[in-house]
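Structural features, examined
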Amino acid sequence: MSRSDPVPPGAAFQAKLQDDLDALTRRHRRRVLAARTGHDFASNDYLALAGSPEMRAIVAEALARGVPIGAGGSRLLRGNHEEHEALEAEAAQWFGSESALYFSTGFAANGGLFAALPGADDFVIYDELIHASAHDGMRLGRAARVSARHNDADAVADAIRRWRREGGLGRPWIAVESLYSMDGDRAPLADLVAIADREDAVLIVDEAHATGVFGPDGRGLAAEWEGRDNLITLRTCGKALGAEGALICASRAVCDILINRARGFIFSTAPSPLMAAAVRGSLALLGREPERIAKLDALVSHAHDRLVPHRALASRSPIMPVIIGDDARTMAIATRLQAQGFDVRGIRPPTVPVGSARLRLSVTLNIDPTTIDALAEALKGAL
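Residues numbered from 1 in each chain as written. Predicted model: local features only at pLDDT ≥ 70, side-chain atom pairs only at ≥ 80, totals over all residues. Heavy atoms only, no water.

**Observations regarding the sheet that holds strand β3 (residues 123-127)**
Worth spelling out the cut-off: Two strands are said to pair when DSSP picks up at least two bridges between them. Helical segments are the DSSP runs of H or I of at least four residues, strand segments are the runs of E of at least two, and each set is numbered from the N terminus. Simply put, an axis is a line fit to the C-alpha atoms, just over the touching stretch for a helix, and the angle between two N-to-C directions goes from 0 to 180 degrees.
Strands sit in the order β2-β8-β7-β6-β5-β3-β4 across an open sheet of 7 strands; the sheet is mixed. A single partner strand is all that each edge strand has here, and the edge strands are β2 (99-103) and β4 (144-148). Adjacent strand axes in the sheet meet at a mean angle of 20° when their direction is disregarded. Two strands pair when backbone bridges link them, and strand β7 (residues 231-236) and strand β8 (residues 246-250) are joined in this way by 4 bridges, in the antiparallel orientation. Residue pairing in the sheet places Thr233 in a bridge with Cys249 of β8.

**Looking at the sheet that holds strand β11 (residues 346-347)**
Backbone-to-backbone hydrogen bonds pair the strands of a sheet. The strands run either parallel or antiparallel. Applicable threshold: It only takes one pair of heavy atoms within 4.5 Å for two residues to be counted as in contact.
Read from one edge to the other, the open sheet built from 3 strands follows the order β9-β12-β11, with strand pairing classed as antiparallel. For this open sheet the edge positions go to β9 (319-325) and β11, each flanked by a neighbour on one side alone. Sheet topology note: the β9/strand β12 (residues 357-362) ladder contains 6 bridges and is antiparallel. Looking across to β12, one finds that Pro321 is bridged to Arg360. Across the face of the sheet, helix α12 (residues 327-339) comes into contact with β9, β11 and β12 while running at roughly 35° to β12.

**Remarks on the packing of helix α11 (residues 291-307) against helix α13 (residues 369-382)**
Put simply, the rule is: For classification, angles of less than 35 degrees are called roughly parallel, those exceeding 145 degrees roughly antiparallel, those between 65 and 115 degrees roughly perpendicular, and all remaining angles oblique. Each crossing is labelled by how the near helix is turned from the far one, with a counterclockwise turn of less than a right angle marking it left-handed and a clockwise turn marking it right-handed. Asp, Glu, Lys and Arg are counted as charged, while Ala, Val, Leu, Ile, Met, Phe, Trp, Tyr, Cys and Pro are counted as nonpolar; the rest, among them Gly, fall into the polar class.
Two numbers describe how α11 lies on α13: the axes approach to 9 Å, and their chain directions differ by 20°. As the angle between them shows, α11 and α13 are arranged roughly parallel. The two elements α11 and α13 cross, and the hand of that crossing is right-handed. In contact with Leu299, His302, Ala303, Arg306 and Leu307 of α11, α13 contributes Pro369, Ile372, Asp373, Leu375, Ala376, Glu377 and Leu379. The residue makeup of the contact of α11 with α13, split by class, is 8 nonpolar, 1 polar and 3 charged.

These figures capture arrangement, not role.
What follows is the structure in structure tokens.
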């Protein structure tokens, strides 16, 4: 192209995008999609339900009785299906809440929740490692917000007292995950419940990685407090439950307000009725086959015995990170393990704090003790 030739429309825009991608590549931060290959140490399919014969049978039965694949509209129009309502009623009973509301994803549920509920005079105190979806929801909301040190209940209480001293008049909201997705550690829920009671606060607990794994029959780490008026829990259905979507479990008033104010719920096509049927089946399966959870617990114990000596954190959960620190080295080790047949993924900032790039090892029933032993040997050699 000569100097006199016109610049094609959009060329500068495309060049800027490529510059941004090149900068990410130089910093070892560029994300790419990769096929699933090798032994599963990367998914959140903790109970190996996603591809199981049992879940296929549940979906086949739902199709046979005419459950549609698509909803065809939002829940407030013609998209509301009896499968959605049946799931919500059964989920509320299963988890112990007064009501439940089904969203298309956990991201949508968190976004709608934080944008719609805390008011302009309210104050949200969130754990510094809370999920990105909560951050996006808070940005769309009207309440002031501040982070608290990770898993530090005293820091939460101090933030509320400081806000009140400075003239805060509304309601405090405390936002945490019960089991953190990148570290595998647990929130101090008992202490946070006590703070919420004392300070007339609402506690929001994201149970995404605990649902189906911890608590009686997989009801989560917040199960003993479920049903309280000052507790809202979020339970994703695409991890241990092996399907798709997310449930907000709370009082009927909370769910009704979300139906009226959560824009991601109001203006989105409803979740697939077929997926609602799949989640119903998954919950029933948990009740019939509690041995899946016991089997996972035993496998997690074995993984801790074999992997902790090779720098995996002793998290007491299926999530066992190996902190490397350097982004480039993290990705190089992940690539080496993948070449040996282990689907291990590297996690870099901004998903995790700068300087804490890691291998996120996930223990699921898709693997067995022998495979864990083999990974331990490969990890030893890679480090």
